[in-house]
Amino acid sequence: HTNWHRRQAAKDEGVLDGFVQRDDARTTVMLCNFPFDYTRDMLIQDLDQEGFAGAYDFVYLPFDFKTRKCLGYAFVNLVGPSEVQMFWKVFDGFAKWAVPHRKACRVTWSIPHQGRDVMVARFRNSPVMHSKVPDEFKPALYDDGQRKPFPPPTKSCRAPRERDLVRLLGERPRARTSALGQ
């Protein structure tokens, strides 16, 4: 692709020269290239230390239940479009990780899910919200920098697969028994 094509694609995505266009109303971004050893608490600490305490209301750092490692990306919803431009400037290229890591963070839009309410609707009935999943692996909501409870599910949440829960909780797998019970 030529530079013109890249600029046109960025314009179509609502970003120009690495920054959010002024009239863009989107608030949910995806942060990429996280260290796999990162936790949600480390991400929150980074957000707050970089001056965004109270500027976000939803944070989710997905994890692989099998490895207990993050998947290398996170979703953050900012409280308004005006916060997004400064957030983009700070975190696109961010490399002050709490653990050693060679990659720099990249910021992009969360597509197609945008906004706190949409993110809550996306996850509130998800297996990740099941009561057996530890809190550290769940999406988190905030209001003025304070953690708030996630709304209860509107239907029963399917539990993650048992083998994933066993790994996640650090329990030993149950012994298999034969059909004869021996």
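The preceding data block contains the structure.
Residues numbered from 1 in each chain as written. Predicted model: local features only at pLDDT ≥ 70, side-chain atom pairs only at ≥ 80, totals over all residues. Heavy atoms only, no water.

Caption draft 1: Geometry of the packing of aromatic side chains. Under the counting rule described, the total for this entry stands at 14 aromatic pairs. Geometrically, the ring pair formed by phenylalanine 58 and phenylalanine 123 is stacked, given 6.1 Å between the ring centres and 25 degrees between the ring planes. With phenylalanine 58 in strand β4 (residues 56–60) and phenylalanine 123 in helix α4 (residues 116–123), the pair connects residues that are 65 residues apart, well separated along the chain. Of the two residues, phenylalanine 58 and phenylalanine 123, both sit in the buried class. With a centroid separation of 4.7 Å and 35 degrees between ring planes, the pair formed by phenylalanine 87 and phenylalanine 91 is classed as tilted. (Phe/Tyr/Trp six-rings, centres within 6.5 Å; stacked < 30°, edge-to-face > 60°. Helix = DSSP H or I, 4+ residues; strand = E, 2+ residues; numbered from the N terminus. Buried < 20%, exposed > 50% of the residue type's maximum accessible area, 1.4 Å probe, protein only.)

Caption draft 2: The arrangement of the side chain of serine 110 in detail. As for its position among the elements, serine 110 is in the loop between β8 (106–109) and α4. Beyond its immediate chain neighbours, meaning those up to four positions away, serine 110 contacts Thr28, Val29, Met30, Phe75 and Met119. (Contact = heavy atoms within 4.5 Å.)

Caption draft 3: Region of the structure containing unusual backbone geometry. For the peptide bond that leads from isoleucine 111 to proline 112, omega is 5 degrees, which places it in the cis range. Looking at where proline 112 falls in the secondary structure, it is placed in the loop between β8 and α4. A positive phi angle, near 75 degrees, is found at asparagine 33, a position not held by glycine. Topologically, asparagine 33 is positioned in the loop between β3 (28–32) and α2 (40–52). You will see that aspartate 144, though not glycine, has its phi angle at about 50 degrees, which is positive.

Caption draft 4: Just the pattern of salt bridges, in detail. Within this structure, the stated rule accounts for 6 salt bridges. Between arginine 26 and aspartate 24 there is a salt bridge; the shortest N-O distance is 2.8 Å. Its salt-bridge partner being lysine 69, residue aspartate 37 comes within 2.5 Å of it at the nearest N-O pair. Residue aspartate 37 is located in the loop between β3 and α2, and its partner lysine 69 is located in strand β6 (residues 69–70); the two are separated by 32 residues in the primary sequence. The partly exposed category is assigned to lysine 69, whose relative accessible area is 33%. (Salt bridge = Lys/Arg side-chain N within 4 Å of Asp/Glu carboxyl O.)

Caption draft 5: Looking closely at α2. In this model, α2 (13 residues) spans only 15 Å end to end at C-alpha, well below the 18 Å of a helix rising 1.5 Å per residue. Arg40, Leu43, Ile44, Asp46, Leu47 and Phe52 are the residues of α2 that are buried. Buried residues of α2 fall within an arc of 160 degrees about the axis and therefore sit on the same side. Those residues of α2 that are exposed and angled more than 90 degrees off the buried face are Asp41 and Gln49. Looking at the buried residues of α2, the elements they touch are β3, β4, β7 (73–78), α3 (81–91), β9 (140–143) and β10 (146–148). Where α2 ends, the next residue or the one after it, glycine 54, has phi of about 85 degrees, a positive value. (Expected span 1.5 Å × (residues − 1). Arc of directions from axis to C-beta.)

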